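Chain by chain, the residues:
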Amino acid sequence: MTNKFSDSFEKKLEDTTKLGLEVVRESAEENLMTLSVGPQHPGSGHFRFIIKVDGDYIVYCDPDPGYVHRGEEKMCEYRNFIQNIPHLERPVIHDSTHITYSYSLAVEELLGIEVPRRGQFIRAIASELNRQVYTLYWLAIYGIFLGHSTMFMWPAGDRELFIDLLAALTGARVTHAFNIPGGVRNDIPDGFKEKCLQYVSYFEKRLKEYEDIFYNNPLFRQRTENVGILSKENAIKLGVTGSVLRASGIPYDVRKVEPYDVYDEIDFKVQYMKTCDSFARAYVPFLDMRESCNIIRQLLEKMPGSGEVRVKLQSNPKGRIGEAYKRVESGRGALSYYIVSDGSSRPYRVKISVGSFRNILALPHLLVGSKLGDMPSIYWALNYWPVEADR
Amino acid sequence: MATAPKDFRFGNFVGSLVWLIFWVIVIVSLVGLPLIFIILFYVPLPYSNGEVLTPYLFFSMIVDPTRTIPIINFLIHTDIFRAAVFPGFTFAALIAAATIFIERKFLAKMQLRTGPLYAGKFEGILQLMADGLKLISKEIIAPSGADKPIFWSSPIIYVATAASLTALIPVAPGWVVADLDVGLLAIFAILGFFPLIALLFSWSSNSKYPFIGGLRALHQMIAFEIPFILSALSVVLVAGSLNLTDIVESQYAFWFFAIAPISAFVFYISSLAELERVPFDLPEAESEIVAGWLTETSGMIYGLIQLGTYLKLYVLAALFVILFLGGWMGPQIFPQELIPNYTGEKIYNATVVNGIFWFTIKTFGMIMLILLPRGINPRIRIDILLHTGWYKLIVLSFINMFIVLALIYGGVITPAGGLQ
Amino acid sequence: MTTPNKIDDKNSKIKTFESDLPIENSLYNEISSKFHDKVQLLYVKPKRIKVYVDPKNIVEVASFLKKEIGLDHAESVCGTDYPNENAIEVIYHLSSYSREELAPIIFALSTKTDRNSSYLPSLLPLFKSVEYHERETYEMLGVYFQGHPRNERFLLPEDWADIPPLRKDFRIKGR
């Protein structure tokens, strides 16, 4: 067996050195074990990170994204402003409202149009519903990562309520293509408001159950408390965003800091926690969901009864020369678009800055020095969606 | 084997059935029957009720019920029947199969869904058969660098060890395959094999994730064997014997759960850890180490290991019932005679049937209790697990041992059960 | 194609100087009073301000922004290819978490480098948050950041053998 192994080992070293991965040789020399928590792994998603393990402790971590890189930014330069919406949604299919919301805001600045008030409200309602859908999905996968199958089934089931609402509103369960530059595609259907309020009040009762059964479970707390401490200074230095930032004691929410559309008329509080550990990062999205229920109620109340929902544009609008930078609070953090326009009907450059890509910088920082058993609870608590980070 | 199925034609279906019957008849008459006669020529036939039990006698007795009862009586008390059917392997395997199905349905109801629904007319009851057929038809992939003899034999050893445990469990008075004087100790001795088998299998898989999983299985099972044995010792102190039948019979006055609840609790937690069930399923932690030491199993190897796991589940639940819940003791609810004024030989024995009934009810209750934490808890981490096993559970089982000793020497309980 | 930073009088452009923005204007005044002509203001909009710096001065300006003004992290690092001017523009969008009044403001710090030999000093020693963004800019546009420990491919596949994809002479096949 040794002969068969050794001549292919040399070849393997040669290949991996050529590809720039010297970790295998180094770890063999240092008596460590290299694990590739790779795409073929139930605990990683479409993403790979290479860790070196010394017994039970992780001593090295190197994220290696790019498995679902599609070239979104390059593709945007080949399509005009409206044609960009369907493919821009694909990085985050279940939270697609936000990634097109931010794009629409930036393009509206370049085109110089203003969305009618009812359209702004509908956009905000779709955005909040989508935030619930995404956060429930995230909570479900967090349960799976910790080995808790009920924590997967219950949120996945409750998520169907909101997906039903979104399907009634936009026509599709995920990837709605609902926000376009200028407003939203269509008005809300009849009976939507009552159904929405009914679902939201049912969901608030369920949130109380989630808190009792999932978050107050002693084993869950043991697995996540004091695990992966990201102090406030480090959070600022690493530039993380979203719930990771709010779990480290910084009350930063783009909807409060830089209110876009109608968020300056809505009264809500930024949810944050000061304990900086994995439990805080798991609890802040839950608090966000509760706050989101209030926001949905206020939006439904304050919405003007009638009006246009969209600005009628020409078929191929040309953008004014200039640039625009707009951001939105998505499920994972601040999602910003930087669009440069050169006067034609296609953008010259679109740069998307997503929360996942910024948060992945915290992964090596938190994993090094922690136990292998803490890897799922640290990794998924960073609210990282691999497809969005790759764009 | 992947071909697109042709459209269903009834004529073809009937034709295939006819072919099947044809081949069965050919093989049975040309090969099977002569083989049977040759064997019977050389093998001495057993005696039943003073007559030699030839196959012809057997077939003729089926027609007349009163003449078959002695045969059945005879067959039931042979060793082969006990080991293979009841209370041995088949009984345990049926309970294991029922457990798998109940687990899926029970968990599904807890998680607000329905579980298996489509296999079989009634709520997916044939799901297990479907799964078994699926596993048999899958290809077993052995990794290229795997240690072939150990890789292929470990699952079989696993199932064999789990099945041999079922030979020690008494189900009803007088119904146990192997009535050893050191029955309890034999169970612990056989249970000590399992970490070794898990480690051998994971080592022979020649891959990193099974390696980590095997080490975790080793740590976990060894850590929890000590509180396991210590908690059973409290019961042995009261019963005064290691023989499982004697332990059950010494619970005639009260169940041992009443004086050793802490030990029962420790035994329960340790059996969850021995069975690698949630929250102690670290050796197969899916999100950290793919599937732990089961990563390289596929097809029937996986099926065998699951069968072994669920047999072990039955054994440990039955052991809990025997040690703490009074085994087969229970109020007599079956009538003494099924058919009044019947003077012939009977196979129905009221105490035995009563014992089987109560034992099965209690075992199923205990199995449900072991299945329950899967719907409630996430997985535990290895350092918390080892801390619990080595510190807390050993201390708790010692506390209960001292309580039991105090009760015995204080004169409240007589040795060999019973109140003073 | 005119670059957006040239200041023109055409009506089709976005209004780039607004005088009633106190925070943004005071920010620019602070910087220009320290660096005089090393920085050049490109535009001031509500909550957005863009400033151009030469590559040789960028580390100095960035460290002033970090230490004195309090912009502590970068939201993104964007590289844009302008083949007409033979330049690649790299913009650092900086913002602040620690200073509340600066939190809504995105400060765009831009610099240019030559297309054919594109080298820029890396801001990694100052802002840890630009690590992966600069790496992505390296692989997508070919800009080498001096001082960054890993100028390697990040999102592209391991066997990428073409020119950096976000350059304008890389055409998507079939379009």
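Everything quoted here is computed from the prediction, not taken from an experiment. (Residues numbered from 1 in each chain as written. Chains lettered and ligands numbered in written order. Predicted model: local features only at pLDDT ≥ 70, side-chain atom pairs only at ≥ 80, totals over all residues.)

### Quick word on the overall build of chain B
Summing up its helical and strand segments, chain B has 16 helices and two strands in all. Taking the principal axes of its C-alpha atoms as reference, chain B extends roughly 70 × 65 × 45 Å. Counting every position in chain B, which comprises 420 residues, the buried fraction comes to 36%. In chain B, 76% of the contacts between residues at least 6 apart in sequence involve partners at least 24 apart. (Helix = DSSP H or I, 4+ residues; strand = E, 2+ residues; numbered from the N terminus. Buried ≥ 20, exposed ≤ 12 C-beta atoms within 10 Å, placed from the backbone. Contact = placed C-beta atoms within 7 Å.)

### Section: the overall build of chain A
Each helix and strand in chain A was counted, giving 17 helices and eight strands. A globule of 391 residues ought to have a C-alpha radius of gyration of about 21 Å, and chain A, at 22 Å, matches this closely. Its C-alpha atoms put chain A at 75 × 50 × 35 Å along the principal axes. Per-residue burial over chain A gives 52% buried out of 391 residues. Partitioning the contacts of chain A with sequence separation of at least 6, the portion at a separation of at least 24 is 71%. (Rg over C-alpha atoms; globule rule 2.2 N^0.38 Å.)

### Some details on the sheet that holds strand β7 (residues 334-341) of chain A
All names here are of chain A. A sheet is described by the order of its strands in space; here three strands give the open sequence β6-β7-β8, paired in antiparallel fashion. Among the strands making up the open sheet, the edge pair consists of β6 (322-329) and β8 (347-353). Across this sheet, the average inter-strand angle for adjacent strands is 15 degrees, counted without regard to direction. Pairing of β7 with β8 involves six bridges; the strand directions are antiparallel. Along β8, the bridge assignment pairs Tyr 338 with Lys 351. Sitting on the sheet, helix α5 (residues 96-111) touches β6 and β7, and the angle it makes with β6 is about 150 degrees. (Pairing = 2+ DSSP bridges. Axes fitted to C-alpha atoms, helices over the stretch in contact; angles between N-to-C directions.)

### Here's the deal with the confidence of the model for chain B
Chain-level pLDDT for chain B is 84 on average; 91% of the residues reach the 70-or-more range. The secondary structure element of chain B with the lowest average pLDDT is helix α13 (residues 286-289) of chain B, at 64, and the one with the highest is helix α12 (residues 261-274) of chain B, at 91. (pLDDT = per-residue confidence, 0-100.)

### Concerning the interface of chain A and chain B
Listed as interface residues are 26 residues of chain A and, on the opposing side, 24 residues of chain B. Among the secondary structure elements, those contributing two or more residues to the side of chain A that touches chain B are β1 (33-37), α6 (117-146), α7 (149-170), α9 (218-224) and α16 (375-381) of chain A. Among the elements that take part in the side of chain A that touches chain B, α7(A) stands out by supplying five residues, more than any other. In terms of residue class, the side of chain A that touches chain B is made up of 14 nonpolar, 10 polar and two charged. (Nonpolar A, V, L, I, M, F, W, Y, C, P; charged D, E, K, R; others polar.)

### Quick look at the arrangement of the chains
Ranking the two pairs of chains in contact by number of contacts places chains A and C first. When C-alpha atoms are compared, chain B and chain C, though not in contact, are closest at a spacing of 24 Å.

### Points about the packing of α6(A) against helix α13 (residues 278-302) of chain A
Residue and element names in this part refer to chain A. Where α6 meets α13, the axes come as close as 10 Å, and the angle between the chain directions of the two elements is 155 degrees. Comparing the axis directions of α6 and α13 gives the class roughly antiparallel. Classified by chirality, the crossing of α13 by α6 is left-handed. Every residue of α13 that contacts α6 at Phe 121, Ala 124, Ile 125, Glu 128, Leu 129, Arg 131, Gln 132, Thr 135, Trp 138, Leu 139 and Tyr 142 is listed here: Ala 282, Pro 285, Asp 288, Met 289, Ser 292, Ile 295, Ile 296, Leu 299 and Leu 300. In terms of residue class, the contact of α6 with α13 is made up of 14 nonpolar, three polar and three charged. (Parallel < 35°, antiparallel > 145°, perpendicular 65-115°, else oblique. Left-handed = near helix turned anticlockwise from the far one by under 90°.)

### Observations regarding the environment of A:Pro317
All names here are of chain A. Its location among the elements puts Pro 317 in the loop between α13 and β6. The spacing of Pro 317 and Ile 82 is 235 residues in sequence and 8.8 Å in space, taken between C-alpha atoms. Here Pro 317 is in contact with Phe 81, Leu 111 and Ser 345, once residues within four sequence places are set aside.

### Observations concerning the sheet that holds strand β2 (residues 48-53) of chain C
Residue and element names in this part refer to chain C. One open sheet accounts for five strands, arranged β1-β2-β5-β4-β3; its pairing is mixed. The sheet is open, and its two edges are formed by β1 (39-45) and β3 (73-82), each paired on a single side. This sheet shows a mean twist of 20 degrees between the axes of neighbouring strands, independent of strand direction. Note: strand β4 (residues 87-95) against strand β5 (residues 106-114), eight bridges, orientation antiparallel. Across the sheet, residue Val 90 finds its bridge partner in β5, namely Thr 111. Sheet strands in contact with helix α1 (residues 22-35) are β1 and β2, and its direction is about 180 degrees off that of β1. Set on the sheet, helix α2 (residues 58-69) makes contact with β1, β2, β4 and β5; between it and β5 the angle comes to about 170 degrees.

### Here we look at the interface of chain A and chain C
If you look at the interface, chain A gives 36 residues, while chain C gives 35 residues. Residues that form the side of chain A that touches chain C fall into these classes: 16 nonpolar, nine polar and 11 charged.

### Observations regarding the environment of A:Leu219
Along the polypeptide, A:Leu219 turns up in helix α9. With 20 C-beta atoms counted inside 10 Å, the residue A:Leu219 sits in the buried group. With 73 residues separating them along the chain, A:Leu219 and A:Leu146 place their C-alpha atoms 9.9 Å apart. Discounting residues that sit within four places of it in the chain, A:Leu219 has contacts with B:Pro279, B:Asn377, B:Pro378 and B:Ile380.

### Description of the nonpolar core
In terms of nonpolar packing, the biggest core is built from 234 residues, with B:Tyr314, B:Ala317 and B:Phe320 touching the most fellow members. Looking at which domains feed residues into this core, each of domain 1 (2-64) and domain 2 (72-355) of chain A gives three or more. Those residues in contact with B:Ala317 that lie beyond four places of it in its chain are B:Thr363, B:Met366, B:Ile367 and B:Ile370. (Core = buried A, V, L, I, M, F, W, Y, C linked by C-beta atoms within 7 Å. Domains from an automatic or database assignment.)

### Topic: unusual backbone geometry
The peptide bond linking B:Val278 to B:Pro279 adopts the cis configuration, its omega dihedral lying at 0 degrees. As for its placement among the helices and strands, B:Pro279 is situated in the loop between α12 and α13. Phi at A:Ala177 is positive, roughly 50 degrees, even though this residue is not glycine. Take A:Ala177: it is sitting in the loop between α7 and β4 (179-180).

### Here's the deal with the packing of helix α5 (residues 89-110) of chain B against helix α14 (residues 300-324) of chain B
Angle between the axes and distance between the axes are the two parameters that describe a pair of packed helices. Residue and element names in this part refer to chain B. In contact at an axis separation of 9 Å, α5 and α14 are set at 100 degrees when each is read in the N-to-C sense. Classified by the interaxial angle, the pair formed by α5 and α14 is roughly perpendicular. Contacts between α5 and α14 involve Ala 92, Ala 93, Ile 95, Ala 96, Thr 99 and Ile 100 on the former and, on the latter, Leu 307, Tyr 310, Leu 311, Leu 313 and Tyr 314. A per-class count over the contact of α5 with α14 returns 10 nonpolar, one polar and no charged.

### Some points on helix α3 (residues 131-141) of chain C
Residues and elements named next belong to chain C. For α3, the tally of buried residues reaches nine of 11 residues, placing the bulk of the element in the interior. Buried within α3 we find Glu 131, His 133, Glu 134, Arg 135, Glu 136, Thr 137, Tyr 138, Met 140 and Leu 141. Tucked inside the fold, the buried residues of α3 contact β3, β4 and β7 (144-146). Immediately beyond the C-terminal end of α3, within one or two residues, lies Gly 142, with a positive phi of roughly 85 degrees.

### Considerations on the confidence of the model for chain A
The predicted model of chain A has a mean per-residue pLDDT of 86, with 92% of residues at 70 or higher. Segment residues 1-7 of chain A: pLDDT under 50, and one contact once partners within four positions in sequence are set aside and those in other chains are kept.

### Description of the pairing of strand β3 (residues 57-64) of chain A
All names here are of chain A. The sheet contact formed by strand β2 (residues 48-54) and β3 spans seven bridges and is antiparallel. If you follow Lys 52 over to β3, its bridge partner there is Tyr 60. A loop of two residues connects β2 with β3, the two strands running antiparallel in sequence, and Gly 55 in this loop sits at a positive phi of about 75 degrees.

### Quick look at the pairing of β2(C)
Residues and elements named next belong to chain C. Most of β2 is tucked away, with five of its six residues classed as buried. In this sheet, β2 lies alongside β1 in antiparallel orientation, the contact comprising six bridges. Paired with Gln 40 across the two strands is Tyr 52, which belongs to β2. Hairpin connection of β1 to β2: two residues between the antiparallel strands, including Lys 47 at a positive phi of 65 degrees. Judged from the five bridges that link them, β2 and β5 form a sheet pairing that is parallel. In the sheet register, Tyr 52 faces β5, and the bridge partner there is Ser 110.

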